[in-house]
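So you can see what is in the structure, the chains are spelled out below.
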Amino acid sequence: MNATELQQELFQEIKRNIPGHLSATEEIAKVLNVSVDSVYRRMRAEKSVSLDELYLLCAHYKISLDRLMNIQTGGFLFSGKLLNSNTFRFDEYLSNTIRDMTYVNSFKQKEFYTLCKDIHIFHHYHFREIAAFKYYFWMKTLLHFPDFKSKKFSFSEYNNNLFELGKKTLDLYNRTDSVELWNIETINSTIRQIEFYHEGQMFDSNNDVLIIYEALDKLIAHLETQAALGYKFDYNDPEKQSKGSFQMYFNEVILGDNTTLAILDGAKIAYLIHTVVNYIVTRNISYCENLHEHVQNLMRRSTRISSVGEKERSKFFRILKEKIARRKDALKL
């Protein structure tokens, strides 16, 4: 590939990263601070891209020059941030998620494939009780915030603004077509978290524990209804108006790792969760194609329990509900 072809390929890659309803030339002009005509000249390779401009474009659109030039380094370029108690703000985290999901929803084709080791974070915001508990778990155990060191769980201390932000992330997720691959272990981490704090006497009463389990029960029932209908809808919507499609698969053998693959107008993006709360992102074509094939392979070896497979769906959700029921019975209220 010569320099002209490389420059043209660079702009083709950039255009794949820009939603179809936006003008690619206008967006690039903003990044380079040049005129639209000047962008056209660069796209046609009539004018060479300078090193400074190349840096700006690659940094802004997260493009790997190694991949663009087909240099086989054996590595993959990921981007991301590391969360810690010194810099983390939950409202900022949710606002960034809203920004990212708004970007996702700007594409005509928007599909999510998630391997669910745990219940997807967006689902927490169907119910305030679950959102409040998960917030407490993150702040106390995962991020070790000093203010939470000896603090007991309390519904009243959960900021309503956080829940409203969370509901916005859920609404944006609901508008995407989604495939979730579950295992019967998927809800176990949430149950273990509840029991850990229960045994550690971090709840004021067993009744608070019961309230969380009842909310979890409602969430599982809501997911079952969505799976039966094959689409997502708001829990409080009596008419169950359809938003994004919802496919659910049950895999008896393989437990997921919370990896998500997004497909946006044909372009693939991989989101890898690590250290529970952090994630890294890559658009590397080889990596994303390999992940896509892995997901498709898992789907072929899983049982679809959405829209069809009523018997298997009923069996799967009954197992999940029985897990929750046993924990509720153990409270002896």
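Everything in this summary refers to the structure shown in the same document. This structure is a prediction, so every number in the text was calculated from the model and none was measured.

So, how was this worked out
- Residues numbered from 1 in each chain as written.
- Predicted model: local features only at pLDDT ≥ 70, side-chain atom pairs only at ≥ 80, totals over all residues.
- Heavy atoms only, no water.
- Helix = DSSP H or I, 4+ residues; strand = E, 2+ residues; numbered from the N terminus.
- Buried < 20%, exposed > 50% of the residue type's maximum accessible area, 1.4 Å probe, protein only.
- Areas by Shrake-Rupley, 256 points an atom, 1.4 Å probe, with all protein chains shown as cover.
- Lys, Arg positive; Asp, Glu negative; His and termini not counted.
- Charge placed at Lys NZ, Arg CZ, Asp CG, Glu CD.
- Polar contact = N/O pair within 3.5 Å; in protein donor to acceptor, adjacent residues only side chain to side chain.
- Contact = heavy atoms within 4.5 Å.
- Pairing = 2+ DSSP bridges.
- Axes fitted to C-alpha atoms, helices over the stretch in contact; angles between N-to-C directions.
- Core = buried A, V, L, I, M, F, W, Y, C linked by side-chain atoms within 4.5 Å.
- Phe/Tyr/Trp six-rings, centres within 6.5 Å; stacked < 30°, edge-to-face > 60°.
- Lys NZ or Arg CZ within 6 Å of the ring centre and 35° of its normal.

A short note on the overall build of the protein chain
Right, on to step 1. Helix and strand counts for the protein chain come out as 12 helices and eight strands.
Right, on to step 2. Considered along the principal axes of its C-alpha atoms, the protein chain spans approximately 75 × 45 × 40 Å.
Right, on to step 3. With 333 residues in all, the protein chain has 48% of them scored as buried.
Right, on to step 4. For the protein chain, the accessible surface area stands at approximately 17200 Å², while carbon and sulfur atoms represent 49% of it.
Right, on to step 5. Positive and negative side-chain charges of the protein chain, numbering 44 and 42 respectively, have mean locations separated by a distance of 1 Å.

Comments concerning the side chain of N251
Right, on to step 1. Counting through the fold element by element, N251 comes out in the loop between strand 4 (246-250) and strand 5 (260-264).
Right, on to step 2. At 3.0 Å, the side chain of N251 and the side chain of S302 are in polar contact.
Right, on to step 3. For N251, the residues in contact, after removing those within four places along its chain, are W182, N183, L298, R301 and S302.

Considering the sheet that holds strand 6 (residues 267-274)
Right, on to step 1. Across the sheet, eight strands lie side by side as 1-7-6-5-2-3-4-8; this open sheet has mixed pairing. This sheet does not close on itself; its edge strands, each paired only once, are strand 1 (79-81) and strand 8 (303-304).
Right, on to step 2. As defined by bridge partners, strand 2 (residues 110-115) adjoins strand 5 across five bridges and the pair is classed as antiparallel. By the bridge assignment, Y113 is partnered in strand 5 with L261.
Right, on to step 3. The sheet contacts of helix 6 (residues 90-105) involve strand 2, strand 5 and strand 7 (278-282), and relative to strand 2 the element is tilted by about 125°.

Let's talk about the nonpolar core
Note that soluble globular proteins tend to have their nonpolar side chains buried in a common cluster.
Right, on to step 1. Among the nonpolar cores identified, the biggest contains 67 residues, and F90, W182 and F317 are the most heavily contacted of them.
Right, on to step 2. If we skip the residues at most four places from it in the chain, W182 touches C116, I119, I187, I220, L223, M248, Y249, F250, N251, F316 and L320.
Right, on to step 3. With 17 residues, the next largest nonpolar core counts I18, A29, V39 and I63 among its residues.

Quick word on the environment of Y279
Right, on to step 1. Here Y279 is to be found in strand 7.
Right, on to step 2. The class of Y279 is partly exposed, set by a relative accessible area of 27%.
Right, on to step 3. Here the alpha-carbon distance between Y279 and L82, two residues 197 residues apart in the chain, equals 8.0 Å.
Right, on to step 4. Aside from chain neighbours lying at most four places away, what touches Y279 is S79, G80, K81, D100, Y271, L272, I273 and H274.
Right, on to step 5. There is a polar contact of 3.3 Å between the side chain of Y279 and the side chain of D100.

Side note on the packing of aromatic side chains
Given two aromatic rings, their pairing is described by the distance between the two centres and the angle made by the two planes.
Right, on to step 1. Using the criterion set out here, one finds 29 aromatic pairs in the structure.
Right, on to step 2. Note on F133 and Y197: the rings are 5.9 Å apart at their centroids and 75° apart in plane angle, and the pair reads as edge-to-face. With F133 in helix 7 (residues 128-142) and Y197 in helix 9 (residues 188-199), this pair connects stretches of sequence that are 64 residues apart.
Right, on to step 3. Just above the ring of F148 sits the side chain of K151; from NZ or CZ to the centre is 4.6 Å.

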